[in-house]
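# Observations on the three-dimensional arrangement
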Amino acid sequence: MRFTVLTLFPESFRMMEEYSVLGRALRSGLIELETVDIRQFATDRHGTADDYQFGGGPGMVMKPEPVFAAVESALARVPVEERSATPVALTSPQGDNLDQNLVNEFASAPGMIVICGHYAGVDERIRQGLITHEISIGDYVLTGGELAAMVIIDAISRFVPDVIGSAENVEHDSITSGLLQHPLYTRPAAFRGMGVPEVLTSGNHADIERWRRRQSLERTLRLRPDLLDTAPLTNSDRVFLAS
Ligand code: ADE
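Cut-offs and rules
- Residues numbered from 1 in each chain as written.
- Predicted model: local features only at pLDDT ≥ 70, side-chain atom pairs only at ≥ 80, totals over all residues.
- Heavy atoms only, no water.
- Near = heavy atom within 4 Å.
- Polar contact = N/O pair within 3.5 Å; in protein donor to acceptor, adjacent residues only side chain to side chain.
- Areas by Shrake-Rupley, 256 points an atom, 1.4 Å probe, with all protein chains shown as cover.
- Helix = DSSP H or I, 4+ residues; strand = E, 2+ residues; numbered from the N terminus.
- Nonpolar A, V, L, I, M, F, W, Y, C, P; charged D, E, K, R; others polar.
- Core = buried A, V, L, I, M, F, W, Y, C linked by side-chain atoms within 4.5 Å.
- Buried < 20%, exposed > 50% of the residue type's maximum accessible area, 1.4 Å probe, protein only.
- Contact = heavy atoms within 4.5 Å.
- Pairing = 2+ DSSP bridges.

In this section: the site of the ligand. Thr91, Ser92, Pro93, Ile135, Ser136, Ile137, Gly138, Tyr140, Val141, Leu142 and Ala148 make up every residue found near the ligand. At 3.2 Å from a nitrogen atom of the ligand is found a main-chain nitrogen or oxygen belonging to Ser92. Tyr140 is positioned such that a nitrogen or oxygen atom in its backbone is 2.7 Å from a nitrogen atom of the ligand. Look at the ligand: alone it shows 260 Å² of surface, and the protein chains cover 97% of it. Elements that contribute at least two residues to the shell around the ligand include exactly strand 5 (88-97) and strand 8 (133-136). Looking at the shell around the ligand element by element, the count peaks at three residues for strand 5. Tallied by class, residues from the shell around the ligand come to seven nonpolar, four polar and no charged.

A few words on the nonpolar core. One finds Phe3, Phe13, Ile31, Leu33, Met112 and Ile156 to be the most contacted residues of the largest nonpolar core, which totals 27 residues. Residue assignment for this core shows that the elements contributing at least two residues are strand 1 (2-7), helix 2 (20-27), helix 4 (100-107), strand 6 (111-116) and helix 6 (146-157). With five residues, the top contributor of residues to this core is helix 6. With near-sequence residues (within four places) excluded, Phe3 lies in contact with Ile31, Glu32, Leu33, Glu34, Met112, Ile153, Ile156 and Ser157. Grouped together as the second largest cluster of nonpolar side chains are 18 residues, Leu8, Val36, Ile38 and Ile115 included.

Looking now at the sheet that holds strand 7 (residues 121-122). What the three strands build is an open sheet, ordered 3-4-7; its pairing is mixed. For this open sheet the edge positions go to strand 3 (50-51) and strand 7, each flanked by a neighbour on one side alone. Pairing between strand 4 (residues 61-62) and strand 7: two bridges, direction parallel. Within the sheet, the bridge partner assigned to Met62 lies in strand 7 and is Val122.

Set out below in structure tokens:
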């Protein structure tokens, strides 16, 4: 999976490149991340990427020429047969909310180009002529699209084979399974007067699975009942939820 990020702040992606699971995935070549400085495609020698808005008003607008040139240059590096399947995404608080379905859709693409939005917004012709997806990571406004791009890339990368421990990890994910996660415990068995549910140390795997499933159902019902509308539920799940 190859991510090409178009940004005014390429250095901010160091955090992803160097640390933890994604840093390791990048170093081992499971995923590729190319950061492109939009200013390099500016038409003047000052690297101007924004300008005042026509009609007046506060806030600067990202200019179309550098963004078009940067996206076209990035697409030219994508193999011809993959171009039409490569999303060109813009991060923006006006976009579709990122959820696991959208993450899964992106995870099946050969790669992705992400434009980090900035200032008051982008020239509308960028939307018209370039963007296939506009994505928000939540109903709040960030100072820029870089953190949103990192969130998107992180969530998609987990679905690239071998990026996280085993395929089972993503399948059993909270949300991916349609439900919230059951409680987890590790050693010590007794900690500050708090114990571990006996079933987990019983060695009875059928009982453990049943307990976990019920905890997930109960927690989802309590905290995110909306998820139960679309979660794949068995008959015994429904009986339990009704009880
Ligand atoms: N840029 C600013 N706020 C954002 C948000 N909530 N999601 C995506 N990009 C953004």
